[in-house]
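# Analysis of the macromolecular model
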Amino acid sequence: MAMLQARQASSQLADFASLSPEMQAAILAGPSLPPPPGVQPNFDNPPNSNQACLIVVSIFLVIVVTAMSLRIYARIRNLHLSDWFAFGSLAVFIAWAYFLYSLAHFPGLFVHQWDIRLGQLKDFLYPAFIVSILYGTSLALIKTAIIVEWLRIFNPNGTRNMFFWTCHITMWVNIAFLVTAIVLINTAFTPREGIWDVTIPAVKHVNTRASNLFSSVFNLIVDLAILCLPQRIIWTLRMPRSRKIGVSIIFATGVIACGTAIARLAVTVDHLTNPDATYSFATLGLISLGEGVCAFLVFCIPALPKAVGSLYPKSLGLALRSWASSSLHWLRRPSATGDASRSDSQEKPVGAYIQMDNPNRMSLTQFESAGSSAAPLGRNKK
């Protein structure tokens, strides 16, 4: 994205290779974007917001690593396929943050393009190119993890219903989009080095403006799907309204993710129309990283009450774990997710449920006979 803006701003370099060495050196030593009238380029110590950006990136890293650590602590003996997708996304997320750190080191974040020499512009464009790939990869992996987790929770027996097919269609379209986006990014210009080196004559093959805008819209659509998928099932369960609200809130963290996706879409539109690519990219980079943080929270928050309840004092721990267990156990039973028609041999073992969500090792029979007044499980009749 930033590569396209910088190349358009430096379109006068079309005949750069034909210039004399002296003229090439003079151009490379000059600003990579003409400054506004009355503004003098500052190459040595340009104004920036590096410190504030480094703090934000560090906070985002701490949030993601902490959330994932708590989830692993709660599920260490019961890891699932979704967790391995999340581990892969976490590794990519850390690399993503590293390249943002490198941009803060040089040329800086929120630095105007006219304060960067043309010869040094590729030191910004190459990390920005890598960041765009890491962004798509990390989000695709964590969203795949979320959908796989939703399938495990809300459709444990794999019933081929609307929820099953909607999840699978969303997941595979998301993966296909990632592969397509990576191919388009890497083949946008020929030769490939022309993506980050504006002094190389390059042929453009991809409408990068349209593809970047579509990418933002697509991610927003996937976020909305992830938000809505569990809510439909939760609100058709036979359980007290207060408990429905509690479970719904656990799985409604996606509202924040949708908010950041909308913000990123707005920032993307601004970036695509802003010739000062190095400055506008900083806002886009931070919003995108925040979008990744929200996706990790959507994945991790359902497991946090159990983890936090194990770490804090006994009274608070019992309260948190009891609340999480009483809310989520409705979703563990096949009859609550539309799988009651399956035979007992196909249902989840009760022991697996006890290990995951019942810290006191109380069986479901004992739990219900101890005074639970919950209504019978299953979908509401229409």
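Refer to the preceding data block for the structure.
These remarks concern the structure in this document. Keep in mind the model is a prediction, meaning the values are calculated, not measured.

On to the packing of helix H3 (residues 50-75) against helix H4 (residues 81-105), then. Remark: H3 packs on H4, axes separated minimally by 11 Å, with the N-to-C direction vectors making an angle of 165 degrees. Relative to H4, the element H3 lies roughly antiparallel. Viewed along their axes, H3 and H4 form a crossing whose handedness is left-handed. Note on element contacts: H4 touches H3 through Ser82, Asp83, Ala86, Phe87, Leu90, Phe93, Ile94, Ala97, Leu100, Tyr101 and Ala104, opposite Asn50, Leu54, Val57, Ser58, Phe60, Leu61, Val64, Val65, Met68, Arg71 and Ile72.

The next subject is the packing of helix H5 (residues 122-154) against helix H7 (residues 208-234). In the contact formed by H5 and H7, the axes pass within 11 Å of each other and the chain directions differ by 10 degrees. On the basis of their axis angle, the class for H5 and H7 is roughly parallel. Residues Tyr135, Leu139, Lys143, Ile146, Ile147, Trp150 and Phe154 of H5 touch H7, and the partners they reach there are Asn219, Val222, Asp223, Ile226, Leu229, Pro230, Ile233 and Ile234. Each residue belonging to the contact of H5 with H7 can be placed in one class, and the counts come to 12 nonpolar, one polar and two charged.

Turning next to a nonpolar patch on the surface. Side chains of Leu213, Val217, Ile221 and Val269 sit close together on the surface and give an oily, nonpolar patch of about 300 Å² of accessible area. Considering every element that reaches the nonpolar patch, the biggest residue donor is H7, with three residues. As for its placement among the helices and strands, Val269 is situated in helix H9 (residues 254-272). For Val269, a relative accessible area of 41% translates into the label partly exposed.

So, on to the environment of Cys300. Relative to the helices and strands, Cys300 resides in helix H10 (residues 277-300). Residue Cys300 is classed as buried on the basis of its relative accessible area of 0%. Residues Cys300 and Val64 lie 236 residues apart in sequence; the distance between their C-alpha atoms is 9.1 Å. Those residues in contact with Cys300 that lie beyond four places of it in its chain are Ala67, Met68 and Arg71.

Bringing the packing of aromatic side chains into the picture now. Taken as a whole and judged by the stated rule, the model has 18 aromatic pairs. Arranged with centres 6.3 Å apart and planes meeting at 40 degrees, the rings of Tyr126 and Phe129 form a pair that is tilted. Taken together, the residues Tyr126 and Phe129, both in helix H5 and three residues apart, mark about one turn of the helix. By relative accessible area, Tyr126 is classed as partly exposed at 37%.

Thresholds applied
- Position labels on residues start from 1 in each chain and follow its written sequence.
- Note on the predicted model: pLDDT of at least 70 is required for a residue's local features to be given, and 80 or more for side-chain atom pairs to be given and counted; whole-chain, interface and lining totals, by contrast, use all residues.
- No hydrogens and no water enter the side-chain calculation; it runs on all heavy atoms of the structure.
- To get an axis, a line is fitted to the C-alpha atoms, and for a helix only the part in contact is used. The angle between two axes follows their N-to-C directions and goes from 0 to 180 degrees.
- The numbering of helices and of strands both runs from the N terminus, where a helix is a DSSP run of H or I of at least 4 residues and a strand a run of E of at least 2.
- In these notes the angle categories are as follows: under 35 degrees is roughly parallel, over 145 is roughly antiparallel, 65 to 115 is roughly perpendicular, and the rest is oblique.
- Two helices cross in a left-handed way if the nearer one is turned anticlockwise from the farther one by less than a right angle. They cross in a right-handed way if the turn is clockwise.
- Should any heavy atoms of two residues lie within 4.5 Å, those residues are considered in contact.
- Three classes are used: nonpolar for Ala, Val, Leu, Ile, Met, Phe, Trp, Tyr, Cys and Pro, charged for Asp, Glu, Lys and Arg, and polar for all others, with Gly counted as polar.
- Only residues whose relative accessible area exceeds 30% and that form no salt bridge are eligible for patches; like-charged ones are grouped when within 9 Å, while nonpolar side chains (Val, Leu, Ile, Met, Phe, Trp, Tyr) are grouped when within 5 Å.
- The method behind every accessible area is Shrake-Rupley, applied with a 1.4 Å probe, and residues are considered shielded solely by the protein chains displayed.
- Whenever a carboxyl oxygen of Asp or Glu lies within 4 Å of a side-chain nitrogen of Lys or Arg, that contact is scored as a salt bridge.
- The classification of residues rests on relative accessible area computed with a 1.4 Å probe and restricted to protein chains. Under 20% of the type maximum is buried, over 50% is exposed, and intermediate values are partly exposed.
- By convention, a stacked pair of Phe, Tyr or Trp rings (six-membered ring in the case of Trp) has centres within 6.5 Å and planes under 30 degrees apart, an edge-to-face pair has planes over 60 apart, and any other such pair is tilted.

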